[in-house]
Amino acid sequence: MTPDQARRLWDRARATRSGQRIVEIGSYQGRSAIVLARAAPTGVEVIAIDPHAGNDRGPQEIHGSQEEGQRDHEAFLGNLATAGVRDRVRHVRKPSSDALADVADPVELLYIDGAHRFGPARDDIRDWGSRVADGGTLLIHDSFSSIGVTFAIFDQLAFSKSYRYVGRSTSMAEYRRERVSGSRRLGNLLRQCAQLPWFLRNVIIKMLITVHLTPLTRLLGHRGGNWPY
């Protein structure tokens, strides 16, 4: 998570009000949950959903062990405690598809950073996105960067009548739950399509890193050799 992404997450959480609800899908070791919990005003419920099962831990880490998942879980709780927000975050240790009944409606701020494959990402956007309140915010990490997440966005949001694309901080895209119709719907689609050149750049960078040609990523303006976020 880049500083700009953390700032966007902070600002949207800060804008919520007592009695409202923030839901995060995909917590890993707690960095984004800490940002949300620190920013949210008193009385806002912060819910982190992550099975900590060792799967979908990061790039090229779709499969993992229960031991890895348990270490992530312990690190998550420890990091929340160190940040002083353990009592502010309710952790639902389940896959997001199994956690729908554990969270009441509506959700004012939904942050999706779960499994990045097309199917799970599509389901998170569809099933959890339908629970966001009118005027609420949906943030999606690895948008226009991960192939699966980007395809899920175009499947669920590009032609949506219910979500307006606001913008992005690198790969963190923001959507607002509101009615989109007529020419505004076409404009909404075109603004998302305008992100495709950046998406293609990121896919090429990831391919070069995967085949151990990281130095070539500098030709695309990428520095550091890390996975592009």
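All of the points below concern the structure found in this document. Every value quoted in this text rests on a predicted model; they were computed, and no experiment measured them.

1. Some points on the layout of surface pockets
Link 1 in the chain: Counted as a void, the second largest pocket has a volume near 200 Å³.
Link 2 in the chain: As for the second largest pocket, its lining consists of Met-1, Thr-2, Thr-170, Trp-198, Arg-201, Asn-202, His-222, Asn-226, Trp-227, Pro-228 and Tyr-229.
Link 3 in the chain: Considered class by class, the residues forming the lining of the second largest pocket number five nonpolar, five polar and one charged.

2. Remarks on empty space enclosed by the protein
Link 1 in the chain: In the structure shown here, the tally under the stated rule is one cavity of 30 Å³ or more.
Link 2 in the chain: Within this model, the largest cavity holds a volume of roughly 40 Å³.
Link 3 in the chain: Taken together, Ile-112, Asp-113, Gly-114, Ala-115, His-116, Ala-121, Asp-124, Ile-125, Ile-140, His-141 and Val-149 make up the full set of residues lining the largest cavity.
Link 4 in the chain: Sort the elements by how many residues they give to the lining of the largest cavity and helix H4 (residues 118–129) lands first, with three residues.
Link 5 in the chain: Residues belonging to the lining of the largest cavity are distributed by class as follows: six nonpolar, three polar and two charged.

3. Some thoughts on the side chain of Arg-21
Link 1 in the chain: Topologically, Arg-21 is positioned in strand E1 (residues 21–25).
Link 2 in the chain: Taking relative accessible area as the criterion, Arg-21 reaches 14% and is therefore assigned buried.
Link 3 in the chain: Among the polar contacts made by the side chain of Arg-21, one reaches the side chain of Glu-45 at a distance of 2.8 Å.
Link 4 in the chain: Within the local environment of Arg-21, its side chain forms a polar contact with the backbone oxygen of Ala-104, the two atoms lying 3.1 Å apart.
Link 5 in the chain: Every residue in contact with Arg-21, bar those within four places of it in the chain, is listed here: Glu-45, Ile-47, Val-103, Ala-104, Asp-105, Pro-106, Val-107, Glu-108 and Leu-109.

Conventions we followed
- Residues numbered from 1 in each chain as written.
- Predicted model: local features only at pLDDT ≥ 70, side-chain atom pairs only at ≥ 80, totals over all residues.
- Heavy atoms only, no water.
- 1 Å grid on protein atoms, 1.4 Å probe; cavity = no way out; pocket = protein on both sides within 12 Å on 5 of 7 lines; lining within 4 Å.
- Points joined across faces, edges and corners; volume = space filled by probe spheres on them.
- Nonpolar A, V, L, I, M, F, W, Y, C, P; charged D, E, K, R; others polar.
- Helix = DSSP H or I, 4+ residues; strand = E, 2+ residues; numbered from the N terminus.
- Buried < 20%, exposed > 50% of the residue type's maximum accessible area, 1.4 Å probe, protein only.
- Polar contact = N/O pair within 3.5 Å; in protein donor to acceptor, adjacent residues only side chain to side chain.
- Contact = heavy atoms within 4.5 Å.

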